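Geometric and topological summary
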Amino acid sequence: ASSSSSAGAPDGKHRHPLRDPLLEAKGGGEPEGRRATQQLQSRPAPPREGAAALGAESPLHGRPAPSSSPPARQSRKQKAEALSLRRLYRAPRNATEWGGEYAERTAEWFELFVDLIMVVSFSRMADFLVEDYTPGNVWLLLLFFSLFQSSWNLYTSYCTRFYDDSFLHTLYLVVFLLGMAGMTIHVGNSELNLNFTVAMMVQRFSLLLMFFLTAHQNRRSKPHALIISYVILASLAILTIACFYSKNETVLHVLWLLVVVVELPYDIVAFFVLPQEKRLPINIDHSSDRGNALILAVLGESVVSALQNYSGQRDIDRNSMFYLAMSLALLLSFSIALLFYHVQPLTRDQHAYRQSWKRGFFLYITLCCLAPALLLVGVSIKFVTRATVLHHEMERDQVALLFTSVGVSLALIFMVRLSHYAGHHPSPDDAENVRVVKWAWWLLVGIWPVIVLSLLAVGDLQQAHPVSIIAIVTALCFGLAFLETTITHWIDIQTQQEVVVSYGAVDPDE
């Protein structure tokens, strides 16, 4: 989704055209700023040309062009939207449009309900790998995760483009949830591969109904919704073939992987097939919120792993080492969340989805890889907790999984930051000392995953106590969070001091 022009702001930041930061920052300069604003607003408007003449927002005066609709009709429409209640059926409404601003939007309650089932499915997948840990099952877990994530992405794509609160959409959602529940129950059971495949078909069928009927009820969305419908139809065709190969696991897994490959680039297909005026933009606030929610749901499984009680565990087994391992595992999950959420974009213009389609697609793929990496961290925490309770050492492969999953997760978090801030920070407007510190910051977060992965070569760790192993990994993640916060603390103080030196004292609330 595009935004208003930022012309006149050399640093690329959006500023109100009538607000002078010099007048706003000075204590006592407020009356001058008000007089300057009144003088500019009292000037006659220039002739409207181009986009401004068609109703776009004027970048000079900062106010919208007169609407062709009568004020009374606009008032009635606003009242109708304010009193909008659930209906049995309603044509889905577009959430955003090109060239215009839109209201911030957060996840609806039913989307969070989907996330609850996702947490359960993550826990089931983690248990599947813990019960039979082999390299082949690691790849199978990643395949299972991709199938769940692909359907979750398709439903999120629907919710971030359309408003649909009708009871008919609720029925589609119930079918979608039943399909996801069926996948969760049968995940990892090779004897019930047919049931798992049928559950996927039920889930995709509900998504097909959502997009296909939206294409017929909403003319504006028809081209884009039809393309996504065709992608889902292709997936259903592949899954239908997979039903006949439920006993041949090799062929079945290849067909499941083909479903992921077909569904993954659904928006890229629309990007190259449709011109911009026929494509539907996403709501950046909502899409970013949903992506972060998925990461939090995966981290929730890590918390479940840290607090899990094993069958047959006696009270005497809950000694000081058990509580220490539990605390360290919980701190590890929290440290990763702290690193991921620390430097999330504060405005839409800073988000990779707004900057370019290449950055947006890079961020999308990075988040798709980060989620399963974090799930493997949760599996590793299960190994640590179980080894602590049973008083035995971790196997070499289990230790390697812990360090590899944490190192890869930190590397992917670094790539998330690259998608948002590469080329923008350090900024040309930064002071020299701030630029040096920002470059050091990039170096720190870039080299830290290498440090974690390099510990795999340390042979003594293979025979170390599980609590010692989790303590080392937790110290590395929490230490990075502390060092990074120290750097951002210093940068924030330097920025405030520059403002005080340049403009005078500033109210801390401003």
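Everything that follows concerns the structure shown earlier in this document.
Below or above, wherever it landed, is the structure these notes cover. On a predicted model such as this, the values are computed, not experimentally measured, just so you know.

This part is about the overall build of the protein chain. Along its length, the protein chain carries 18 helices and 2 strands. Taking all 510 residues of the protein chain together, 45% fall into the buried category. Looking at the protein chain alone, contacts between residues at least 24 apart form 80% of all its contacts between residues at least 6 apart. Counting every atom, the protein chain has about 26300 Å² of accessible surface; 63% of that belongs to carbon and sulfur.

In this section: empty space enclosed by the protein. Inspection of every chain in the model, using the stated rule, returns 3 cavities of 30 Å³ or more. Of the pockets and cavities examined, the largest cavity occupies roughly 70 Å³. Listing elements by their share of the lining of the largest cavity, those giving two or more residues are helix 7 (167-186) and helix 8 (193-217). Class assignment of the residues belonging to the lining of the largest cavity gives a composition of 6 nonpolar, 4 polar and 2 charged. Of the volumes computed, that of the second largest cavity is approximately 60 Å³. In this structure, the second largest cavity is lined by Leu339, Leu410, Ile413, Phe414, Arg417, Val445, Pro449, Leu480 and Glu484. Elements supplying a minimum of two residues to the lining of the second largest cavity: helix 16 (396-421), helix 17 (432-454) and helix 18 (466-503).

Quick look at the pattern of salt bridges now. Opposite charge on two side chains permits pairing when their charged atoms draw close. Enumeration according to the criterion identifies 6 salt bridges in this entry. Across the pair Lys382 and Asp127 runs a salt bridge, and its minimum N-O distance is 3.1 Å. With Lys382 in helix 15 (residues 357-390) and Asp127 in helix 5 (residues 109-131), this pair connects stretches of sequence that are 255 residues apart. Since its relative accessible area comes to 24%, Asp127 is described here as partly exposed. For Glu301, the salt bridge identified is with Lys382, shortest N-O distance 3.7 Å. Here Glu301 is found in helix 12 (residues 284-306), whereas its partner Lys382 is found in helix 15, with 81 residues between them in sequence. Using a relative accessible area of 0% as the deciding quantity, one classes Glu301 as buried. Overall, the relative accessible area of 1% leaves Lys382 in the buried class. Connected through shared salt-bridge partners, Glu111, Asp115 and Arg290 make up one network.

Quick look at a nonpolar patch on the surface now. A surface patch of nonpolar side chains, amounting to about 480 Å² of accessible area, comprises Val269, Phe272, Val273, Trp357 and Phe361. Elements with a minimum of two residues in the nonpolar patch: helix 11 (266-273) and helix 15. Sorting elements by how many residues they give to the nonpolar patch places helix 11 first, with 3 residues. Structurally, Val273 can be placed in helix 11. What makes Val273 exposed here is its relative accessible area of 54%.

Calculation criteria
Numbering of residues starts from 1 in each chain and follows the order in which that chain's sequence is written. At least 70 in pLDDT is required for a residue's local features to be given in this predicted model, at least 80 for side-chain atom pairs to be given and counted, and no such filter applies to totals for whole chains, interfaces and linings, which use all residues. No hydrogens and no water enter the side-chain calculation; it runs on all heavy atoms of the structure. The numbering of helices and of strands both runs from the N terminus, where a helix is a DSSP run of H or I of at least 4 residues and a strand a run of E of at least 2. Buried residues are those whose accessible area, probed at 1.4 Å on protein chains only, stays under 20% of the maximum for their type, while exposed residues exceed 50% and partly exposed ones sit between those limits. Note on contacts: a residue pair is in contact if any heavy atoms of the two residues lie within 4.5 Å. Using the Shrake-Rupley algorithm and a 1.4 Å probe, accessible areas are obtained, with residue cover drawn only from the displayed protein chains. Using only the protein atoms, space was sampled on a 1 Å grid; points where a 1.4 Å probe fits but cannot get out form cavities, open sets with protein on both sides within 12 Å along at least five of seven lines form pockets, and lining residues are those with an atom within 4 Å of a point. Grid points are joined across faces, edges and corners, and a volume is the space filled by probe spheres set on the points. Under the scheme applied, nonpolar residues are Ala, Val, Leu, Ile, Met, Phe, Trp, Tyr, Cys and Pro; charged residues are Asp, Glu, Lys and Arg; polar residues are all the others, including Gly. What counts as a salt bridge is simple: a side-chain nitrogen of Lys or Arg found within 4 Å of a carboxyl oxygen of Asp or Glu. In this analysis, a patch consists of residues with relative accessible area above 30% that form no salt bridge, clustered at 9 Å for like charges and at 5 Å for the nonpolar side chains Val, Leu, Ile, Met, Phe, Trp and Tyr.

The analysis is restricted to geometry; functional conclusions fall outside its scope.
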